[in-house]
Amino acid sequence: MDPVIIVGAGPVGLALALALGAREVPSVVLDEGDGRDEHRPARTAVLRPDTVAFVEGLGCASAVRDAGARWSGWRSMRRRQPVRREPFAEAGAPASDDGVPAGGYRTAEEPAVPGAGHPESPLHIAQHLLTGALRQAIASLPAGAFVRVVTGSRLDALEQDAHGVTAHVRGARTGRWRGSYLVGCDGARSTVRKLLEVRFPGRTAVERHAVAVLRTELPWPGESVLHRQPPWRGVGEEVTARPLPDDVWRLDWLLPPHGELVTPDALVWRIRETLSGWCGGPAPAYDLLDTGVHTVHHRLARRWRVERVFLAGDAAHLVGAVGTQGLDEGLRDVRNLAWKLVQVWHDGPSDVLLDSYQAERRTAVAARLRAADQALPVLRGGGGLRGALRTGLGGGHEGLLAGGHLGRGPLGAPPAYPLSPLAPAPDEAHVDVGTPPGALVADVLVTSPDGTAGRLHDRLGGNLLVVLVAPGTGVWDRRHWVRAGVMPRLAEAVRTLPMRAELLVTEAYPGAAAHAVLLVRPDGHLAAALGGVRASALHAAAAAVCGGAPGGAPHPGRPDTDAPGAPDACGGKPEGAGQRGTGPRVGEVGGASPGGTAAPRGTGPVTAGAATTGTAVTASVDTASADAGTAGPGPVAAGSVDAAR
């Protein structure tokens, strides 16, 4: 099966390539640039804990931790008075000493270090450093791995048919690429979206900020600061300070809605007045590193899937007012879409599964935009508490601002998908636990039947997870509990599920009774909680998660489901669908296609999955001839080989 084509080599596109490659799905990343990222300290992102964990799981944990800053706290002020201060838990505490309660779990609001009683901090990182960390993770993959980045490739046209997508590119690598699916991660001015003729309605310039990044000392080392109505001349209605590593800070001043010109002299005035006001005297020395004007737009693409083409990140949505973070939502797009592409690439297409990406993510981002649009008149137009109550957001000014900046409530909390097309039908076996259906599960301590222990969130990304709540397993000898009680029945039920699944055991889960069974999607959202080992209900829930199971058939390839030509539980396997571990790697030759013959030597590139006589060689991209169809071969698809080489 052909690779997935990813258009755009920003954080969203590179993260998608790594997420697919981790599950043996090859991808080609079309990078319009030269592979180097512009050094812009003023372009930063604040990532919430759920997206930080996702990025770190892609193979760049140490690089991201070194490049970003975890805050020690967040404080807000109004005029000269402090209003609110919230400490954060320390980052990097060892797993055995991380404040997990006696029950063995913690929620997003519970401590990450003993006695702290504080939530986990966001991560503040320069975008070019995040992109560089993802590029380095790709570069460190073994030769012939599943990710290939092609620089100097600007998308010019695309074509779809029943079996795949053809992308035509111009630039240093003019030619065409063939893929099974294509994902547009090419930003706010997305070429993919324009070629699909998908509308991108919304609001322009909902907020404007003057931005300065500087190295200095402030009275609150390591703390993020939001100051409303500061009592100094010429600095505006709101200023924020967010720490970065090495005593570097990003300062943002909210600008009037109608076009105030930010001159260099005016910006220097703002810096000096702000630093002087905060420090209670002359402005401290500072080293100005970068400046800019950040304009926030709110837009939402009408469609996120058009047959085999998808939109993600800024190509699909623009969000960012009131402290909300667009890159956060882009990485959540990746986490949602990646496991679904993995499933259909290995096991055959399912329109229900693929359509669920738009149904879930577009709905979640639309709710975020709606909340921000409702909050803006309250926060910027003087609507006060009455306005907040009228919108249904509640919390007043401070509550709304804290929600946006700290990732809580409708403005910032991780999304839930309670009305997903993948939600299982109601069943008497379903029970309520501390996590509502469709929400992100708590990060509990888990143990696999082979004795491997760790955290639940570290197991996300590939398979379904079936978690049995079994008090006492932490003190029993594994040789006993793995064969005792309900475990053998549950293990057999998991083995015959219609999607690959991993069985785990936890001592406790919020709100769950003993012997409850949780079905967790690969992206960490709860599919169902069952009141015990109910094999039929578990099977039905798993079938719903992968898009519907005709006849409840177990996963193809298992010993009891090896009937030739039988459809799998996720919509059937078409001819040429890849098997896990057997699909062509980027730059390698796949097996001969059914009924196909090897291309004669000298005939130019052959499609992915074809074979040539002789030794396999690495695929390369050649310059296409000016006249299509002449001897110049053009780029070969990932996984293909030029027989003439």
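Up top you'll find the structure we're talking about.
No experiment lies behind these values; they were computed from the predicted model shown.

Peer 1: What should I look at first to understand the sheet that holds strand 11 (residues 175–179) in this one?
Peer 2: Within a sheet, each strand pairs with its neighbour through backbone hydrogen bonds, oriented either parallel or antiparallel. What the three strands build is an open sheet, ordered 9-10-11; its pairing is antiparallel. Taken across any chain shown, the strands that pair with only one partner, and hence form the sheet edges, are strand 9 (154–161) and strand 11. Along the sheet, successive strands turn relative to each other by an average axial angle of 20°, direction set aside. Looking at chain direction, strand 9 and strand 10 (residues 164–170) are connected through seven bridges and run antiparallel. Within strand 10, the residue paired with L155 across the bridge is V169.

Peer 1: Mind showing me how you'd approach the environment of V262 here?
Peer 2: Locating V262 in the fold gives a position in the loop between strand 16 (248–254) and helix 5 (264–279). The class for V262 is partly exposed, based on a relative accessible area of 22%. C-alpha of V262 to C-alpha of V293: the two residues are 31 residues apart in sequence and 7.8 Å apart in space. Ignoring anything within four residues of it in the chain, the contact list for V262 reads A210, L255, L267 and V293.

Peer 1: Explain unusual backbone geometry here, please?
Peer 2: With a phi angle near 65°, D246 is a residue other than glycine that sits in the positive phi range. The exposed category is assigned to D246, whose relative accessible area is 62%. Backbone geometry places H515, a non-glycine residue, at a positive phi of 75°. The topology assignment puts H515 in the loop between strand 24 (501–506) and strand 25 (517–520).

Peer 1: Looking at this model, I keep getting lost on the side chain of S190. Mind explaining?
Peer 2: Tracing the sequence through the fold places S190 in the loop between strand 12 (181–184) and helix 4 (191–195). Residue S190 is classed as buried on the basis of its relative accessible area, which comes to 0%. Here the side chain of S190 touches D186 through a polar contact of 2.7 Å, side chain to side chain. When residues no more than four places from it in sequence are discounted, the contact partners of S190 are L311 and A315.

Peer 1: What is the right way to look at the packing of aromatic side chains in this model?
Peer 2: The description of an aromatic ring pair rests on the distance of the ring centres and on the angle between the ring planes. Under the criterion given, the structure shown has five aromatic pairs. With a centroid separation of 6.3 Å and an interplanar angle of 85°, the aromatic rings of W232 and W278 are classed as edge-to-face. Taken together, the residues W232 in the loop between strand 14 (223–228) and strand 15 (238–244) and W278 in helix 5 connect sequence positions 46 residues apart. Each member of the pair W232 and W278 is classed as buried. For the ring pair F310 and Y357, a centre distance of 6.1 Å and an interplane angle of 70° mean the geometry is edge-to-face. Residue F310 is located in strand 19 (residues 309–311), and its partner Y357 is located in helix 7 (residues 351–380); the two are separated by 47 residues in the primary sequence.

Peer 1: Looking at this model, I keep getting lost on the sheet that holds strand 7 (residues 123–126). Mind explaining?
Peer 2: With antiparallel pairing, the three strands of this open sheet are ordered in space as 3-7-4. Each having just a single partner strand, strand 3 (44–47) and strand 4 (69–70) make up the two edges of the open sheet. Where helix 2 (residues 49–67) meets the sheet, it contacts strand 3, strand 4 and strand 7, and its direction lies at approximately 55° from that of strand 7.

Rules of the game
Residues numbered from 1 in each chain as written. Predicted model: local features only at pLDDT ≥ 70, side-chain atom pairs only at ≥ 80, totals over all residues. Heavy atoms only, no water. Pairing = 2+ DSSP bridges. Helix = DSSP H or I, 4+ residues; strand = E, 2+ residues; numbered from the N terminus. Axes fitted to C-alpha atoms, helices over the stretch in contact; angles between N-to-C directions. Buried < 20%, exposed > 50% of the residue type's maximum accessible area, 1.4 Å probe, protein only. Contact = heavy atoms within 4.5 Å. Polar contact = N/O pair within 3.5 Å; in protein donor to acceptor, adjacent residues only side chain to side chain. Phe/Tyr/Trp six-rings, centres within 6.5 Å; stacked < 30°, edge-to-face > 60°.

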